[in-house]
Amino acid sequence: MLGGYLASGVLAEELLWRAPLTFGRTCRGSACLAVLSGAGFVALHVRRDGLASTPLHAVNTASWTASVVLGRRLRWAMLSHFLYNCLAVSLRRVETGPVPPRP
């Protein structure tokens, strides 16, 4: 069930942020759209994850956006985004309750 949840999130995000990049445009139009969609993706995720996550999200969106712009397909961006989300969820610390104070 978790895999389906992660896949549906990837599908929604890739369709929103990077699918428009697959349509034929001029080089200047594609670059402008790539920058705008990448900035939107980073801003949304930094709002959720905090300012310290900016470099991570910037590198991810740059690589996923480049793969879509150069390949004109969402397939590799979606696969790498899904694998990244699986890794991120598997490394997330589970909060089990209040942490006792240190002496």
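The model shown is predicted, which means the values in this text are computed figures rather than measured ones.

Draft legend 1. Structural context of helix 3 (residues 54–71). For helix 3, spanning 18 residues, the distance from its first C-alpha to its last is 25 Å, which sits close to the expected 26 Å at 1.5 Å a residue. Residues of helix 3 that are buried include every one of H57, N60, T61, W64, T65 and V68, and no others. Each buried residue of helix 3 sits inside an arc of 120 degrees when the element is viewed along its axis, so together they form one side. Facing away from the buried side of helix 3, by more than 90 degrees, are the exposed residues P55, V59 and L70. Phi for R72, located one or two positions after helix 3, is positive at around 55 degrees.

Draft legend 2. A look at the confidence of the model for the protein. Of the residues in the protein, 97% reach a pLDDT of 70 or more, and the chain-wide mean stands at 86. Considering each helix and strand of the protein separately, the mean pLDDT is smallest for helix 2 (residues 27–49), with a value of 86, and largest for helix 4 (residues 75–91), with 91.

Draft legend 3. A look at the nonpolar core. Listed in full, the nine residues of the largest apolar core are W17, A19, L21, A34, F41, W64, V68, L74 and A77. Counting only elements with at least two residues in this core, the list comes to helix 2 and helix 3. If we ignore the near neighbours within four places in the chain, the residues touching L21 are S30, L33, A34, S37, T65, V68, V69 and R72.

Cut-off values and rules
- Residues numbered from 1 in each chain as written.
- Predicted model: local features only at pLDDT ≥ 70, side-chain atom pairs only at ≥ 80, totals over all residues.
- Heavy atoms only, no water.
- Helix = DSSP H or I, 4+ residues; strand = E, 2+ residues; numbered from the N terminus.
- Expected span 1.5 Å × (residues − 1).
- Buried < 20%, exposed > 50% of the residue type's maximum accessible area, 1.4 Å probe, protein only.
- Arc of directions from axis to C-beta.
- pLDDT = per-residue confidence, 0-100.
- Core = buried A, V, L, I, M, F, W, Y, C linked by side-chain atoms within 4.5 Å.
- Contact = heavy atoms within 4.5 Å.

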